[in-house]
Amino acid sequence: MRWSELLPGSAPLADDLVARYVERTRRAYRDQYLETVLDTLESLIQLSTDPTSVRLAAWFHRAVHQPGGGAAEDAESSARLAEQTLPAYGVDPIRIAEVARLVRLTGELATPPTDAYAPPRRDANGDVLLDAVNGVLAIAPARYAAHAAEVRRDAGDRTAAISRRYDEVQQLLDGHLYRTQLARQRMGTMARANLEAELAGLDSELPAPWRGWQQAALAATATFAAVAASVASIAAAGAPWQVPTVEPESGWPPVALAVISLVCAPLLFRSARSASLRGRLTAGAAVAVAVTGLLVAWAQVPATNPAVGIGLRVPLVISSLLLLLLAGTAALVASLLRTKTARFLPSRNLGQQLAWLAVPGVIALLLLLVVQPLARGYVLSSNERSEGPRKPAGAAPQSVVDGGVTWVSRALASAGAEEAIGTKYGIAVPRSSGVVEMVDAATGELRWRYSRSDSDEKPEIVATGNGEYVLAEFADVGYLLLDANTGKRKAAWPGSTRDHSIQQADPLLTGERKSRGSDRLHGVDTDGSNRWTFEPGRCTDIGAVATSDTVVAFLGHSCGQEPDEIAGLDLESGKKLWSKAPTDMYRRPVVVGGVVVVAEPGGDSDVPVALVGIEPRTGETKWRWPVPAGWSCRTLLKPAGRYLVVVDCPGRETAQAPKTVVTAIDAVTGQTAWQTTGPVNPRTRVAVTADGRVVSLSGTSRACWANVIDRTGYRRVRLPTGISCGRDPVAIGNLILTSGTAGVIALH
């Protein structure tokens, strides 16, 4: 009756539509659903502006439906069906377009938001149709429950259908449900009650995604903390308890602790998941073992002194016992919290799975970021001693080299001037017993002393930070940064930098040798952290020098036909500024007055063809100084203020007439400032002062002489007894240091 009045003479179309709604493949949106929509529509049709189009849209809106299909797909297919079939029955094209539009509207969520439904233009036809479609929400509760069950069954997979339907119902309840005021008054209360009842039922069927994560986290902590304790114990087995190692040092305690921890892992896992008395006793026993072990370990920690230090086994064993204590405590807490209701927790839900995934990651990070740094920090601080400073730093005097001595340091066993370095607060000298001493540059008196009980080798030291710090590399310890004024340790470089070599001390550059010659260059802060890393590729050796703002890297490629290269890098960021490929790789780079000076090689000879000044920021050649053809020794390049001091021999070296030529080149212009030749063996090691004097030592069994070559000429001065002429002099500023049997000697 409804259809005949709606579209006379179209019985075949009506039969086709009814057949579609009752076909056997459908599980939802069948003929009862259509009747509900049509009945609701008739109660609201007076609000529409085109009742015929709205009624036709209601008939067509679910005419096409695939099991498991969504509303959007059904609406689109049904709209196309209307567009294809209605023209055959003489329906006006404008009306067909309106019907298709209305059908497509039903593909969206048919409920407006509670606080956002205020369209500028009301769609009367659309509002009526969508409210009629949602009329199914307000049917009798029993019928609605059957309809909701059909919708879920039609969706396919039960778990996915419940979850999806839960979200849909929640969205419906969050909105107004109906667009017209009439529909809200007639159906709003019943519809909301039906939806709330369905939501409650869905909530009971949905798995609890986070329920029980606390118990899971405690069980995971109990298990993996015990495993981590075993790992720390195994690491402790290979480390000494004290330094130097006492032979034979028993190794079974950490091994026994590793076995106990490994056995505890499955036992504590079961205890954490059990509320029985046995489980709690097992967890309590693990706690008791850990506490007892901590007390014993603490009592056995060796007392440190200058000759005995604490080994890495001490903090590792203590860390292992603390992890075992954590594991036992977590299992005990989990067992105490487990109640009868907790026994029925979901076996595997999202919260519990995430807990089991997150806890081992957290424990691994705990080992890497907390336990390891704390263990290293404990060893570093326990084995160091810093004495001083005893007096304020004095100004370094200038050595005029007149045969006198300014001061002699106190006896420094196995220490000499060769390893001494100048700082802003004095002269640092390393000793073979793991000691760095700072002597006053003005008096030679000891200012401070830093020593380590866990190192008996002489550290290698450099000055950095514009003379504010001493960077000392101790064997088996790594790089330590000492305050040059107080001797206090300011930083310990990360363990990953222990194999780095110092390319330049100030500013700091380090080199890292990788496999297959793939070197890396690092710009490093004083605390050892990398600002940047430059890695040019495989088969590349790197050497580098730096000015105040630029690094000049020399890259030697040893594989393939790729030419050698020079590159400029920004000191702060490591960004590549320029690069070029010379015909032959330069040698012996030195920074003078902000210019990088290199030696242009001359074949197999150690004597370069020329010296080249390179502007570090651009890579351009500022000047080229040809080396005289007669020079025959290995050319020595030393900076002295704005001058480059070049030491060589002016002709073929002979035992009868040894000569040394010293040339000072202005680093800014590349012009020769002065040149002096002296009768000095060119093979003798020299020291170059800040004002350009070149000093070397020579002597016989009866006397020791100082040879001085500067812009005024050559002079020879006899030195007092007690100076070792066979050891190299060192220039710190304008102060000349030599070595003697009593320690370091400063020449007057």
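Structure's up top.
Now for a quick tour of the structure. Every chain begins its residue count from 1, and numbering advances along the sequence as written. Under the rules for a predicted model, residues below a pLDDT of 70 receive no local features and side-chain atom pairs below 80 are neither given nor counted, while totals for whole chains, interfaces and linings still include all residues. Neither water nor hydrogens contribute to the side-chain values; these are computed over all heavy atoms in the structure.

Turning our attention to the side chain of Ser230. Secondary structure elements are taken from DSSP: a helix is a run of H or I of four residues or more, a strand is a run of E of two residues or more, and numbering for both begins at the N terminus. Note on placement: Ser230 falls in helix H11 (residues 213–237). For Ser230, a relative accessible area of 5% corresponds to the buried category. We call two residues in contact when some of their heavy atoms are within 4.5 Å. Setting aside chain neighbours within four positions, we find Ser230 in contact with Ala258, Ser261 and Leu262. The cut-offs for exposure are 20% and 50% of the maximum accessible area for each residue type, with area from a 1.4 Å probe on protein chains only; residues under the lower value are buried, those over the upper are exposed, and the others partly exposed.

In a beta sheet, neighbouring strands are held together by backbone hydrogen bonds and run either parallel or antiparallel to one another. Strand order in this open sheet of 4 strands is S17-S18-S19-S20, and the pairing throughout is antiparallel. Strands with a single pairing partner mark the edges of an open sheet, and in this sheet they are strand S17 (540–546) and strand S20 (576–580). Along the sheet, successive strands turn relative to each other by an average axial angle of 20 degrees, direction set aside. Whether two strands pair depends on DSSP finding at least two bridges between them. Here S17 runs beside strand S18 (residues 550–557); their pairing, made up of 7 bridges, is antiparallel. Across the sheet, Ala546 pairs through a bridge with Val551, a residue of S18. Helix axes are fitted only over the stretch in contact, all axes being lines through C-alpha atoms; the angle between N-to-C directions runs from 0 to 180 degrees.

The subject of this paragraph is the nonpolar core. Counting 57 residues, the largest nonpolar core has Trp3, Leu17, Phe60, Leu86, Leu137, Tyr178 and Leu195 as its most contacted members. Excluding anything up to four places from it in sequence, Leu137 contacts Tyr144, Leu177, Tyr178, Met190, Ala191, Asn194 and Leu195. Within the second largest apolar cluster, 37 residues are counted, among which are Ala228, Ala229, Ala236 and Cys264. Buried Ala, Val, Leu, Ile, Met, Phe, Trp, Tyr and Cys residues form a nonpolar core when they are joined through side-chain atoms within 4.5 Å.

This part is about the pattern of salt bridges. One side-chain nitrogen of Lys or Arg within 4 Å of one carboxyl oxygen of Asp or Glu is enough to make a salt bridge. One pass over the full model with this rule turns up 32 salt bridges. Its salt-bridge partner being Arg55, residue Glu42 comes within 2.9 Å of it at the nearest N-O pair. Of this pair, Glu42 sits in helix H3 (residues 31–44) while Arg55 sits in helix H4 (residues 51–60), and the two are 13 residues apart along the sequence. By relative accessible area, which is 24% here, Arg55 ends up partly exposed. For the salt bridge of Arg165 with Glu168, the shortest nitrogen-to-oxygen distance reads 3.4 Å. With Arg165 and Glu168 both in helix H9 (residues 158–174) and 3 residues apart, this pair spans about one turn of that helix.

Burial runs high along H4: 7 of the 10 residues are buried. Listing the buried residues of H4 in full gives Ser53, Val54, Leu56, Ala57, Ala58, Trp59 and Phe60.

This paragraph deals with unusual backbone geometry. In this structure, Pro389 follows Gly388 across a cis peptide bond, with omega equal to 5 degrees. With respect to the helices and strands, the residue Pro389 is situated in the loop between strand S3 (384–387) and strand S4 (405–408). With an omega dihedral of 0 degrees, the bond running from Asp506 to Pro507 counts as a cis peptide bond. If you check the backbone angles, Leu177 has positive phi at about 75 degrees while not being a glycine.

This brings us to the state of the cysteines. Simply put, disulfide is the name for a covalent bond between the sulfur atoms of two cysteines. The disulfide criterion used throughout: a pair of cysteine sulfur atoms within 2.5 Å. Scanning the entire structure with this criterion turns up 2 disulfides. Sulfur-sulfur distance for the disulfide between Cys633 and Cys649 comes to 1.9 Å. One disulfide, between Cys633 and Cys649, carries an S-S torsion of 105 degrees and so falls in the right-handed class. Here Cys633, found in the loop between strand S24 (621–626) and strand S25 (636–640), pairs with Cys649, found in the loop between strand S26 (643–648) and strand S27 (660–666); they are 16 residues apart in sequence, far enough to count as distant. The same class applies to Cys633 and to Cys649, which are both buried.

Attention now moves to the sheet that holds strand S9 (residues 460–464). Strands sit in the order S9-S10-S11-S12 across an open sheet of 4 strands; the sheet is antiparallel. Each edge of the open sheet is held by one strand with a lone partner, namely S9 and strand S12 (489–492). Pairs of neighbouring strands in the sheet enclose a mean axial angle of 25 degrees, with direction left out of account. Note: strand S11 (residues 478–483) against S12, 3 bridges, orientation antiparallel. In the sheet register, Leu482 faces S12, and the bridge partner there is Arg489.

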